[in-house]
Amino acid sequence: MILVCWYLIFKKKKESFSLVIFELKKLKTTFQNNFSKIEKGYVLIIFIFLFLLFLQGILYPPNNWDSLTYHMSRIMFWIGNESVNHFPSHILRHLYQPPFAEFVIMNVNLLNGNDYFSNSVQLLFLFGSLLVVWQILSMFDFSRKLKLFALLLLISIPSVILQATTTKNDVITGFFVLSAILYLFKIYRLNKKEDIIFLSFIIGLGMLTKGTAYLFFVPVFIVFGILFLKQILKEKNLFIIKNVHWIIVIVIAINIGHFQRNYSLNKDILNIDEQEAKNYSNEDLSLTTTFSNILKNLALHVPYPLNEPLDKIIHTIHDDLNIDINSPQNNYLGIKYSKPYDFTTHEDYVPNFIHLLLILGAILFFVFHLKRKKDNKTLLYNVVTLIIVMQLLLFAFYLKWQPWHTRLHIPIFMTSSILVVCSLALLKRNIVIQNVISIILIGSTFLFIVFNNLRPLIENGKLTKSIALDDNRFQKYFANQPQLYSDYKSVIKEINANETIGLIMSDWEYPLFYNYYFSYIKPVAINVNNITSKTSSETPEVNSIVSNTINQAFIDYNGKRYFNISSKNSYLWIYSLNK
């Protein structure tokens, strides 16, 4: 692969450069001469949104809870260990969570020497998702205006807007789900082997990105499995059967390393701790539980003032059906169900209300117009509707309810951009509806970008944390917990390059090591009492110890005494061999 890239870049650079220039000029001419004013407006708005998100992702470092706890900190362990093998850790998510997004971020950061482009990785996949949706709709001959409207629908999803400037991975998962739909349609229509290969990589990398990808992929495969079965029975076309081995081999090859590392710890390829696995999956897999979870998940997307009456309705339904709305068997860590926030721009809790209404409207339209003419657009409408409905059902059936589930719904909402456009295409006189929706979405998108809770372009006392663009970059890591800033700042002064730092920490390890991509440092978790201790039989020598759980005069470790030199701190303490 490297040799091929070298050949294309250096041996064919003149031809390649000329081809790129020619295509850009052709694109510019087409845009100027063939696009209407409204279409040009769509393109301009979408690129403004992408630019603002790119700028936001660079101006702010990764600063949400999960990024600082495991998305970014696991990268620093890999760099320090010079290996992606499992390691002792107090934070289990460092190990068992699929690592593809972090692999990409790690390589970007190592090339750059810092984390300035960490948040841009998800934005890159968001841009890729726009291209995939365009390609899907182009296959079914949708008008250019509707295709551009679909892109606006996708990029204006509040949880997508807010997560596109983070190092989380739900947008990346959505990209792979959309890509799987695209290539399954290509295989269904064209029977090309290269599409099978691409699909295999999409499935494999999707599984290596996030565990929820399994839930979102299954309905896609079921729906297309029905299509392929009809094709086999009607046309005797066995292409997919003859080439399915490629999918199996490539998917396993991509994931085998991660599977093996997990299996070596707990004989489970997807997890390393039984209790951790139970925390996420429903213990009562029944229809009543599924119905309860559907209501609770949909309610997360309903903001003020509708959340108040809806909350009462949901409680009444549960009482009438004798369902425990707060059952620990179906609520993550036994968290009690509560109504959604009145209004928030926080990426973990933001409701996608407008898009939810559009999805429900599109599904209702689907139900009441089953007897429509059979054409390509109808095929797409049927397929995507069934996929989204099945994704919602499987999600509610398998996963315990969490108050921050709106972010996990992202792939469903990304796919819904196709569904909504399909319903509009079947409506007569849809131009007015499309224009009204566009104006609302453009306004709301600017609101969520500008007043992003953790990464605001403009600080606002009600909508954003107390953080601003002109604050120093290190301070921006602590937008979620500003009280930690001074403690981390004082501890970092005591940490030097080329040292091994022992950690007894429950979260937020990354801010200690954010500046060591070019300078070597080795973080190691010590005094580990969970299953990850099996990954190493050595007791490493450490230069100092950092903890956010132990504040005492000294810590004895490996026959040596480490003294607390930061006892005046409130949240984070560092222990040194010298007083």
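Our subject is the structure that appears above.
Being a predicted model, the structure only gives us computed values, none of them experimental.

**Student:** Give me the overall build of the protein: which residues, what numbers.
**Tutor:** A count of helices and strands for the protein gives 23 helices and six strands. The C-alpha atoms of the protein give a radius of gyration of 25 Å, which matches the 25 Å a tight globule of 579 residues would have. Taken along its principal axes, the extent of the C-alpha atoms in the protein is 80 × 75 × 50 Å. Considering the protein as a whole, with its 579 residues, one finds that 54% of them fall into the buried category. Nonlocal contacts in the protein, meaning residues at least 24 apart in sequence, comprise 73% of its contacts between residues at least 6 apart. Accessible surface for the protein amounts to roughly 26800 Å². Of this, 63% is attributable to carbon and sulfur atoms. Averaged over its 53 positive side-chain charges, the protein has a centre that lies 12 Å from the centre of its 38 negative ones.

**Student:** Go over the sheet that holds strand 2 (residues 522-525) with me, naming the residues and quoting the values.
**Tutor:** Paired through backbone hydrogen bonds, the strands of a sheet run either parallel or antiparallel to each other. With mixed pairing, six strands are arranged side by side in an open sheet as 2-1-3-6-5-4. Pairing within the sheet leaves two strands with one partner each, and these edge strands are strand 2 and strand 4 (554-557). Each neighbouring strand pair of the sheet contributes to a mean axis angle of 30°, computed without reference to strand direction. As paired strands, strand 4 and strand 5 (residues 560-564) are joined by four bridges and run antiparallel to one another. Bridging from a neighbouring strand, aspartate 556 pairs with arginine 561 of strand 5. Here helix 5 (residues 73-81) sits on the sheet and contacts strand 1 (500-504) and strand 2; the angle it forms with strand 2, its principal contact strand, is near 110°.

**Student:** Tell me about the environment of aspartate 170, and please be specific about residues and values.
**Tutor:** For aspartate 170, the location among the structural elements is in helix 11 (residues 170-190). C-alpha separation for the pair aspartate 170 and phenylalanine 87, spaced 83 residues apart in sequence, amounts to 25 Å. With residues near it in sequence (within four places) discarded, aspartate 170 still touches Gln122, Gln163, Lys210, Arg407, Leu408, Ile410 and Pro411.

**Student:** Which residues make up the nonpolar core, and what values go with them?
**Tutor:** Residues Phe224, Leu380, Leu512 and Val546 are the most contacted members of the largest nonpolar core, which totals 142 residues. With 13 residues, the top contributor of residues to this core is helix 11. Excluding anything up to four places from it in sequence, phenylalanine 224 contacts Ile181, Leu184, Phe185, Val383 and Ile387. Ile526, Tyr562, Trp573 and Tyr575 belong to the second-largest nonpolar core, a separate cluster that totals ten residues.

**Student:** Got a sec to walk through the layout of surface pockets? Specific residues and values, please.
**Tutor:** Roughly 1000 Å³ of internal volume is contained in the largest pocket. Lining the largest pocket are 40 residues; nearest its centre among them are Tyr96, Gln97, Tyr280, Gln402 and Leu408. If one sorts the elements of the lining of the largest pocket by residue count, helix 14 (residues 239-266) sits on top with four residues.

**Student:** Which residues make up helix 9 (residues 144-155), and what are the values?
**Tutor:** If you check helix 9, its first and last C-alpha atoms are 17 Å apart, about what twelve residues at 1.5 Å a residue would give, namely 16 Å. In terms of burial, helix 9 is largely enclosed, as eleven of its twelve residues are buried.

**Student:** Requested: an account of the packing of aromatic side chains, with residues and values cited.
**Tutor:** Scanning the model with the defined rule gives 32 aromatic pairs in all. A centroid spacing of 4.5 Å and a plane angle of 5° characterise the contact between phenylalanine 77 and phenylalanine 87, whose relative ring orientation is stacked. Separated by ten residues along the polypeptide, phenylalanine 77 in helix 5 and phenylalanine 87 in the loop between helix 5 and helix 6 (93-96) bring together distant segments of the chain. Phenylalanine 77 gets classed as buried once you look at its relative accessible area, which sits at 2%. Relative to phenylalanine 176, the ring of phenylalanine 125 lies with its centre 6.0 Å away and its plane at 55°, an arrangement referred to as tilted.

**Student:** How would you summarise empty space enclosed by the protein if you had to cite specific residues and measurements?
**Tutor:** Applying the stated rule across the entire model yields one cavity of 30 Å³ or more. Its volume calculated, the largest cavity comes out at about 50 Å³. Secondary-structure elements contributing two or more residues to the lining of the largest cavity are helix 5, helix 6 and helix 14. Among the residues making up the lining of the largest cavity, the classes are represented as five nonpolar, three polar and two charged.

**Student:** Break down helix 16 (residues 287-299) for me, citing the residues and quoting the values.
**Tutor:** Quick reminder: α-helices carry 3.6 residues per turn. Residues three or four places apart thus point the same way. The terminal C-alpha atoms of helix 16 lie 18 Å apart, and with 13 residues this matches the ideal 18 Å at 1.5 Å per residue to within 8%. Looking at helix 16, one finds that the buried residues are Thr289, Thr290, Ser292, Asn293, Ile294, Leu295, Lys296, Asn297 and Ala299. Among the structural elements, helix 17 (307-320) and helix 19 (376-398) are those in contact with the buried residues of helix 16.

**Student:** Run through the packing of helix 12 (residues 193-207) against helix 13 (residues 212-235), naming residues and quoting values.
**Tutor:** Contact geometry of helix 12 with helix 13 gives a least axis separation of 9 Å together with a crossing angle of 150°. One element, helix 12, and the other, helix 13, form an angle in the roughly antiparallel class. In this structure, helix 12 meets helix 13 at a crossing whose hand is left-handed. Counted together, Ile202, Ile203, Gly206 and Met207 of helix 12 and Ala213, Tyr214, Phe217 and Phe221 of helix 13 form the full contact between these two elements. When grouped by side-chain class, the residues that make up the contact of helix 12 with helix 13 number seven nonpolar, one polar and no charged.

Conventions and cut-offs
Residues numbered from 1 in each chain as written. Predicted model: local features only at pLDDT ≥ 70, side-chain atom pairs only at ≥ 80, totals over all residues. Heavy atoms only, no water. Helix = DSSP H or I, 4+ residues; strand = E, 2+ residues; numbered from the N terminus. Rg over C-alpha atoms; globule rule 2.2 N^0.38 Å. Buried < 20%, exposed > 50% of the residue type's maximum accessible area, 1.4 Å probe, protein only. Contact = heavy atoms within 4.5 Å. Areas by Shrake-Rupley, 256 points an atom, 1.4 Å probe, with all protein chains shown as cover. Lys, Arg positive; Asp, Glu negative; His and termini not counted. Charge placed at Lys NZ, Arg CZ, Asp CG, Glu CD. Pairing = 2+ DSSP bridges. Axes fitted to C-alpha atoms, helices over the stretch in contact; angles between N-to-C directions. Core = buried A, V, L, I, M, F, W, Y, C linked by side-chain atoms within 4.5 Å. 1 Å grid on protein atoms, 1.4 Å probe; cavity = no way out; pocket = protein on both sides within 12 Å on 5 of 7 lines; lining within 4 Å. Points joined across faces, edges and corners; volume = space filled by probe spheres on them. Expected span 1.5 Å × (residues − 1). Phe/Tyr/Trp six-rings, centres within 6.5 Å; stacked < 30°, edge-to-face > 60°. Nonpolar A, V, L, I, M, F, W, Y, C, P; charged D, E, K, R; others polar. Parallel < 35°, antiparallel > 145°, perpendicular 65-115°, else oblique. Left-handed = near helix turned anticlockwise from the far one by under 90°.

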